[in-house]
Amino acid sequence: MTETAPLSDLSWARGYTDPAWIRRFTASGRELSPSRRVWRGSDRPRDLPGRSTLPALGTHALDTLPLEPNGGGALTLPDLFAAAQTDAFLVLHRGSVVYERYLHGTEGHTPHFNASAAKSYIGLVAAVLAHQGHLDRTVRTSAYVPELAGTAFGEARIEDLLHMGTQVSYGGRSFDKAIEAQRYFAVLSPRLRPFDYRGPATIREHLLTARAAGAPGTGFCYENGNVEALAEVLRRVTGTSISALVSELLWSRIGAEEDAYYILDSDGVEAASGGFSATARDVARLGEMLRCGGAVGDRQVVPEAVATTIVSGVPDGYPRRVRFPGAPVTSPATLSYHDLWWIPNDPYGSYMASGIHGQRLFVSPGLDLVVVHFGSQVISSAVPVVPFVQAFLQIGAHLHAEAQPAIR
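All values derive from a computational prediction rather than experimental measurement.

Caption draft 1: Quick peek at the overall build of the protein. Secondary structure assignment for the protein yields 12 helices and 15 strands. Seen through its C-alpha atoms, the protein measures out along the principal axes to roughly 60 × 45 × 40 Å. The 408 residues of the protein split such that 55% are buried. Long-range contacts, defined here as pairs at least 24 residues apart, represent 68% of the contacts in the protein between residues at least 6 apart. Put simply, the protein shows about 16,700 Å² of open surface, and 53% of that area lies on carbon and sulfur atoms. Put simply, the protein has 36 plus and 40 minus side-chain charges, and the middle of one group is 1 Å from the middle of the other.

Structure (structure tokens):
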């Protein structure tokens, strides 16, 4: 990855320095781009017991819980919300809502941009199809999508896509994660293209420009194209759209209250790597299903063997030690990555779906905890990183300790 972007690429970084501008996209995606719904199904919504409204910010017990996620000065939840430009925050403990907050005009029934957290949902669908025998993780992607033969993704195995194991260069450019992300957005949204843009106009055209910059399966390189290539494989395997597939395997089976949706490119293809929007409550339902071993009540939504091996199933090699995108290369690689889920390697078997601007689904089976955070945070080296994982773990430890007397 290049250390700094060349001056000619500055046009690709515009617009993401204003939270209000970001919030236009996180809260109103289907008003700005074509979209396709992910149907919630015909079943009644499954109840989330517990609190549905909160007193004024700062008056709930968790609002005043001192969080020391960096080992320094204590933060509170209101501090974290201000730093993260939080739009929604929901905490489930043992299946009950213990905290739910909406800010900046966000409402509980309004779908919110999940960004790259959606990658994990695609990874989950792929893992289910592989478990059912419909998808072979060991074959090259081009076996399912012949058009990708000769590209970085076509020559990689499905297993490599699921672990961000391709080394890629687009259009002969040196790979820069931030710049390539902005170019990907430009593929989806003409309004984000520079005046003289002559690049790919669809996701499939974009994938065809990818060339290998190294052997697949040898190192971690976080890149949207892995997920878009995987999504195309899933379409070919099942003969259906990603929206219909996510509805059939997940959304219609978790008791969702609201339809979700994907934004589409000009070919009507879903932006699988980050174009998904859903409500905080429904994303919490997804997390709770996984925390419960893939089950919702007496219905097994996801095979238990899939849900319970997100952490334990990390393969040997590079997926065991990775860093978040944007982390300094000199920082310790303390995370793992499996089937497009981030794994913090804590004592509680936690894992997380994570997206730009503060989108998080955090599942911690050992703490009986599910946390959803939606935000519109500016991404800049001048803006401090919000310590989400550490804060979530401290909240979970607090709730777990509080609940102990009740189970003795």
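Okay, back to it.
Caption draft 2: Broad picture of the packing of helix α4 (residues 117–131) against helix α9 (residues 242–249). Packing of α4 against α9 brings their axes to within 11 Å, and their N-to-C directions diverge by 70 degrees. Viewed along their axes, α4 and α9 adopt a mutual orientation that is roughly perpendicular. Note that α4 runs across α9; the crossing there is left-handed. On α9, the residues touching I122, V125, V128 and L129 of α4 are I242, L245, V246 and L249. Residue composition of the contact of α4 with α9, by class: 8 nonpolar, no polar and no charged.

Caption draft 3: Geometry of the nonpolar core. In terms of nonpolar packing, the biggest core is built from 90 residues, with L234, W251, M289 and L361 touching the most fellow members. Dropping the residues within four chain positions of it, M289 is found in contact with L124, L250, I254, G294, A295, V296, V301 and V302.

Caption draft 4: Structural view of the confidence of the model for the protein. Looking at the protein as a whole, its pLDDT mean stands at 91, while 93% of the residues score no less than 70. Considering only residues more than four positions removed or in separate chains, one finds that residues 1–14, a stretch of pLDDT under 50, has 20 contacts.

Caption draft 5: Structural context of the sheet that holds strand β8 (residues 276–278). Spatially, 4 strands are ordered β1-β7-β8-β4 in an open sheet, and the strand pairing comes out antiparallel. The open sheet has two edge strands, β1 (35–38) and β4 (112–113), and neither has a second partner.

Caption draft 6: Inspection of the packing of aromatic side chains at higher detail. Summed over the entire model, instances satisfying the criterion amount to 20 aromatic pairs. Here the aromatic rings of F220 and Y337 are separated by 5.1 Å at their centres, their planes lie at 70 degrees, and the arrangement is edge-to-face. Separated by 117 residues along the polypeptide, F220 in the loop between β6 (210–212) and α8 (224–238) and Y337 in strand β11 (residues 336–338) bring together distant segments of the chain. Residue classification places Y337 among the buried positions, given a relative accessible area of 0%.

Caption draft 7: Layout of the pairing of strand β15 (residues 369–375). When you tally the buried positions in β15, you get 7 out of 7 residues, the bulk of the element. Residues L369, V371, H373 and G375 of β15 are buried on one face, and the alternating residues V370, V372 and F374, pointing to the opposite face, are buried as well. Two strands pair when backbone bridges link them, and strand β2 (residues 86–93) and β15 are joined in this way by 7 bridges, in the antiparallel orientation. Each bridged residue has a counterpart across the sheet, and for L92 the counterpart in β15 is V370.

Caption draft 8: A look at the pattern of salt bridges. Under the criterion given, the structure shown has 23 salt bridges. With a closest N to O distance of 2.6 Å, E147 and R236 form a salt bridge. Placement of E147 in the loop between α4 and α5 (158–162) and of R236 in helix α8 is noted, with a sequence separation of 89 residues between them. Residue classification places E147 among the partly exposed residues on the basis of a relative accessible area of 44%. Taken together, the salt bridges that share partners define one network made up of R36, E147, R204, E232, R235, R236 and E270.

Caption draft 9: Inspection of the environment of T76 at higher detail. Mapped onto the elements, T76 comes out in the loop between β1 and α3 (77–84). Judged by relative accessible area, which is 22%, T76 ranks as partly exposed. Taking the C-alpha atoms as reference, T76 lies 5.8 Å from T64; in sequence the two are 12 residues apart. Not counting chain neighbours up to four residues away, the residues in contact with T76 comprise D63, L65 and L67.

Caption draft 10: Highlighting α4. Between its first and last C-alpha atoms α4 spans 22 Å; for 15 residues at 1.5 Å apiece the expected length is 21 Å, and the two agree. With 14 of its 15 residues buried, α4 lies for the most part within the structure. G133 sits one or two positions beyond α4 and adopts a positive phi of about 90 degrees.

Caption draft 11: Inspection of α9 at higher detail. Within α9, 6 of the 8 residues are buried, leaving the element largely enclosed by the surrounding structure. Every buried residue belonging to α9 is among I242, S243, L245, V246, S247 and L249, and all of these are buried.

Caption draft 12: Structural view of unusual backbone geometry. Positive phi values are uncommon outside glycine, yet R94 reaches one of about 55 degrees. Among the secondary structure elements, R94 is positioned in the loop between β2 and β3 (96–102). Its identity is not glycine, yet A115 carries a phi of approximately 50 degrees, on the positive side. Secondary-structure assignment places A115 in the loop between β4 and α4.

Reading guide: rules and limits
- Residues numbered from 1 in each chain as written.
- Predicted model: local features only at pLDDT ≥ 70, side-chain atom pairs only at ≥ 80, totals over all residues.
- Heavy atoms only, no water.
- Helix = DSSP H or I, 4+ residues; strand = E, 2+ residues; numbered from the N terminus.
- Buried < 20%, exposed > 50% of the residue type's maximum accessible area, 1.4 Å probe, protein only.
- Contact = heavy atoms within 4.5 Å.
- Areas by Shrake-Rupley, 256 points an atom, 1.4 Å probe, with all protein chains shown as cover.
- Lys, Arg positive; Asp, Glu negative; His and termini not counted.
- Charge placed at Lys NZ, Arg CZ, Asp CG, Glu CD.
- Axes fitted to C-alpha atoms, helices over the stretch in contact; angles between N-to-C directions.
- Parallel < 35°, antiparallel > 145°, perpendicular 65-115°, else oblique.
- Left-handed = near helix turned anticlockwise from the far one by under 90°.
- Nonpolar A, V, L, I, M, F, W, Y, C, P; charged D, E, K, R; others polar.
- Core = buried A, V, L, I, M, F, W, Y, C linked by side-chain atoms within 4.5 Å.
- pLDDT = per-residue confidence, 0-100.
- Pairing = 2+ DSSP bridges.
- Phe/Tyr/Trp six-rings, centres within 6.5 Å; stacked < 30°, edge-to-face > 60°.
- Salt bridge = Lys/Arg side-chain N within 4 Å of Asp/Glu carboxyl O.
- Expected span 1.5 Å × (residues − 1).

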